[in-house]
Amino acid sequence: MTARPLAVIDLDGVVADVRHRLHHIEGGDRDWASFFAGIPDDPLLAEGAAVAERLAADHDVLYLTGRPERSRADTEQWLARHGLPRGELVMRRDRDRRPARVTKIALLDRFVAAGRVVGVVVDDDPKVCAAMRNRGWPVLVADWMARSDTLDQAQEDLGAT
Ligand SMILES: [Mg+2]
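Residues numbered from 1 in each chain as written. Predicted model: local features only at pLDDT ≥ 70, side-chain atom pairs only at ≥ 80, totals over all residues.

Teacher, can you tell me more about the nonpolar core here?
The nonpolar side chains of a soluble globular protein tend to be buried with one another. One finds Val8, Ile9, Val14, Val15, Ala52 and Val122 to be the most contacted residues of the largest nonpolar core, which totals 33 residues. Looking at this core, the elements with two or more residues in it are strand E1 (6-9), helix H2 (46-56), strand E2 (60-68), helix H4 (100-113), strand E4 (118-123), helix H5 (126-134) and helix H6 (149-156). (Core = buried A, V, L, I, M, F, W, Y, C linked by C-beta atoms within 7 Å. Buried ≥ 20, exposed ≤ 12 C-beta atoms within 10 Å, placed from the backbone. Helix = DSSP H or I, 4+ residues; strand = E, 2+ residues; numbered from the N terminus.)

If you want it as structure tokens, here you go:
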């Protein structure tokens, strides 16, 4: 058994640049299928990849994403293709529509209940970062991808990424 603390790393806006597919969920006609179908084409965010690499030296990496389980295969292939550190991938259940800040805490609490220590959480969503901090976990705010209102709304109101 390992005793290393967890480095909890978000995907969208941290290591994956989702901006090229946000247009699918802008405006009234939100096309979630197309939005998630674009996952394989996400450019890598070099800053996030460097942070993940650095943390992997003395943490167990856990990728915690609001992406739904149905995008697991595409996401795992993407992580491997870009050479990101290996780590467990924890995703939102397909019908979970709660805000990311609620879902992510609930998902992570399971690991804490099992005795794991959260060393650091890396996320780009201000509301997620605030909730994690309130929960008592150290947070590194990922501020290297310009955020958009669309992404904010998707994570807070639509519970979809
Ligand atoms: Mg994010």
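Still to come is the rest of the account.
How should the packing of H4 against H5 be read in this particular structure?
In the contact formed by H4 and H5, the axes pass within 8 Å of each other and the chain directions differ by 40°. Viewed along their axes, H4 and H5 adopt a mutual orientation that is oblique. As for how H4 packs across H5, the hand of that crossing is right-handed. From H4, Ala100, Arg101, Lys104 and Ile105 reach across to H5, where they touch Lys127, Val128 and Ala131. (Axes fitted to C-alpha atoms, helices over the stretch in contact; angles between N-to-C directions. Parallel < 35°, antiparallel > 145°, perpendicular 65-115°, else oblique. Left-handed = near helix turned anticlockwise from the far one by under 90°. Contact = placed C-beta atoms within 7 Å.)

So what exactly am I meant to see when it comes to the sheet that holds strand E3 (residues 88-92) here?
Strand pairing in a sheet relies on backbone hydrogen bonds, with the paired strands running either antiparallel or parallel. One open sheet accounts for 5 strands, arranged E3-E2-E1-E4-E5; its pairing is parallel. Of all the strands in the sheet, just E3 and strand E5 (139-141) have a single pairing partner and so form its edges. Ignoring strand direction, the axes of neighbouring strands in this sheet form an average angle of 20°. Across 3 bridges, E4 lies against E5 in parallel orientation. Looking at the pairing, Asp123 lines up with Val141 of E5. (Pairing = 2+ DSSP bridges.)

How should I be thinking about H2 in this particular structure?
Residues lying three or four places apart along an α-helix face the same way, a consequence of the helix completing one turn every 3.6 residues. Within H2, the full set of buried residues consists of Gly48, Val51, Ala52 and Leu55. End-on view of H2: buried residues confined to an arc of 100°, all on one side of the axis. When the buried face of H2 is taken as reference, the exposed residues oriented beyond 90 degrees from it are Ala46, Ala50 and Arg54. Those residues of H2 that are buried are in contact with E1, E2 and E4. (Arc of directions from axis to C-beta.)

I'm lost on the pairing of E1 in this one. Help?
Consecutive side chains along a regular strand alternate between the two faces of the sheet. A two-sided burial pattern is seen for E1, the buried positions comprising Leu6 and Val8 on one face and Ala7 and Ile9 on the other. Bridging between E1 and E2 involves 4 bridges; their strand directions are parallel. Paired with Val8 across the bridge in E2 is Leu62. By the bridge criterion, 4 bridges tie E1 to E4 in an arrangement that is parallel. Of the residues in E4, the one forming a bridge with Ala7 is Val120.

Mind showing me how you'd approach the pairing of E2 here?
Buried residues dominate E2, accounting for 7 of its 9 residues. Examined bridge by bridge, E2 and E3 share 4 bridges and lie parallel to one another. The partner of Pro68 across the bridge, within E3, is Arg92. Assessed by its sense of winding, the connection that carries the chain from E2 through helix H3 (residues 72-81) to E3 is right-handed. (Right-handed = clockwise from strand over helix to strand, strands pointing away.)

Before we go on, may I ask you to explain the environment of Val117 in this structure?
Along the chain, Val117 falls in the loop between H4 and E4. Once residues within four sequence positions are removed from consideration, Val117 is found in contact with Pro5 and Leu6.

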